Amino acid sequence: MGFRLANIAGRAALVAGEHYYDLQAVSGGSLSADPMKAIAHPDQLSAITAKLAGHTPTGNLADVTLGAPVPHPQKSFAVGLNYQAHADEGGMEVPKAPLVFTKFPSCLVGPTATVEMRSDFCDYEGELVVVIGKGGKDIAPGDAWNHVVGLTIGQDISDRVAQFVAKPPHFDLGKSFDTFGPLGPVLVSVDELPDRDNLRITCAVNGEVRQDATTAAMIFDVPTLISCLSRITTLVTGDIIFTGTPDGIGATQGKFLRDGDVITTTIDGIGTITNR
Ligand code: ZN
């Protein structure tokens, strides 16, 4: 059995059904309330989750606003053009090695946060986000999943003007405006998911499904991404990787986000994030 970890008002909480349990309280004070520290102890999170039925819930999820489950990663990577159909829709060549950029950790917000657009050319990109548990350097692909503490959902909101104003285009700035990284709703341990390599991901805008794919279609899979990144920089607990978006983005359809649009991003087994 695994765990589902949430961030409620800056405090780590375990989630079961409609209820949440403050982590520091249900652990008898043995685990920190800090979500960044809590993810360093996945075995204890699982053990406590298995016994949650014996505790009184701290509250109902419906009554609280969730924060980003990983609010302050040291490093926040993202991967461009990691699905063939997405590269095709943009008329881009598929990269021969992972095309990696940074979403500044300062852009991360909670799963229901409002995104603040600064131009009329902002776009959605629903993505699977990998969270590193045990850190390491030169991680072999075959060992990579052992370094993942869990998975969550991310929106790689992108300002295409800021992205393409430079020639050649750059990625970091146009994707790192404040609020451009909704994350959540919870961090789900990998063993909670039926097939970690094949997760259905959808993204709808105002109820119209724009993206519908499976993570099995990634060009560079999760182990490859972790292996590549860890050859360059030591990965530490809490580092996150936005693994790329499938086809169906707004830019290729002339459907940029408009003020008040509601973006709904779902990954089966993890949940849904909803951002205006
Ligand atoms: Zn992206």
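Residues numbered from 1 in each chain as written. Predicted model: local features only at pLDDT ≥ 70, side-chain atom pairs only at ≥ 80, totals over all residues. Heavy atoms only, no water.

Looking at the side chain of Thr179
- Here Thr179 shows up in the loop between helix 5 (160–164) and strand 13 (181–188).
- Of note is the side chain of Thr179, whose polar atom sits 2.9 Å from the backbone nitrogen of Glu116.
- Setting aside anything within four residues of it in sequence, one finds Thr179 in contact with Cys107, Val109, Thr114, Val115 and Glu116. (Helix = DSSP H or I, 4+ residues; strand = E, 2+ residues; numbered from the N terminus. Polar contact = N/O pair within 3.5 Å; in protein donor to acceptor, adjacent residues only side chain to side chain. Contact = heavy atoms within 4.5 Å.)

Regarding the packing of aromatic side chains
- This structure, assessed with the given rule, holds three aromatic pairs.
- Between the aromatic rings of Phe101 and Phe171, the centroid separation amounts to 5.1 Å while the plane-to-plane angle is 25 degrees, which identifies the pairing as stacked. Here the residue Phe101 occupies a position in strand 7 (residues 99–102), and Phe171 occupies one in the loop between helix 5 and strand 13, the gap between them amounting to 70 residues.
- With a relative accessible area of 5%, Phe101 lands in the buried category.
- Here the aromatic rings of Phe177 and Phe180 are separated by 4.9 Å at their centres, their planes lie at 40 degrees, and the arrangement is tilted.
- Here Phe177 falls in the partly exposed class, since its relative accessible area comes to 24%.
- You can call Phe180 buried: its relative accessible area is 0%.
- Directly above the aromatic system of Phe242 lies the positively charged group of Lys103, at a separation of 5.5 Å from the ring centroid. (Phe/Tyr/Trp six-rings, centres within 6.5 Å; stacked < 30°, edge-to-face > 60°. Buried < 20%, exposed > 50% of the residue type's maximum accessible area, 1.4 Å probe, protein only. Lys NZ or Arg CZ within 6 Å of the ring centre and 35° of its normal.)

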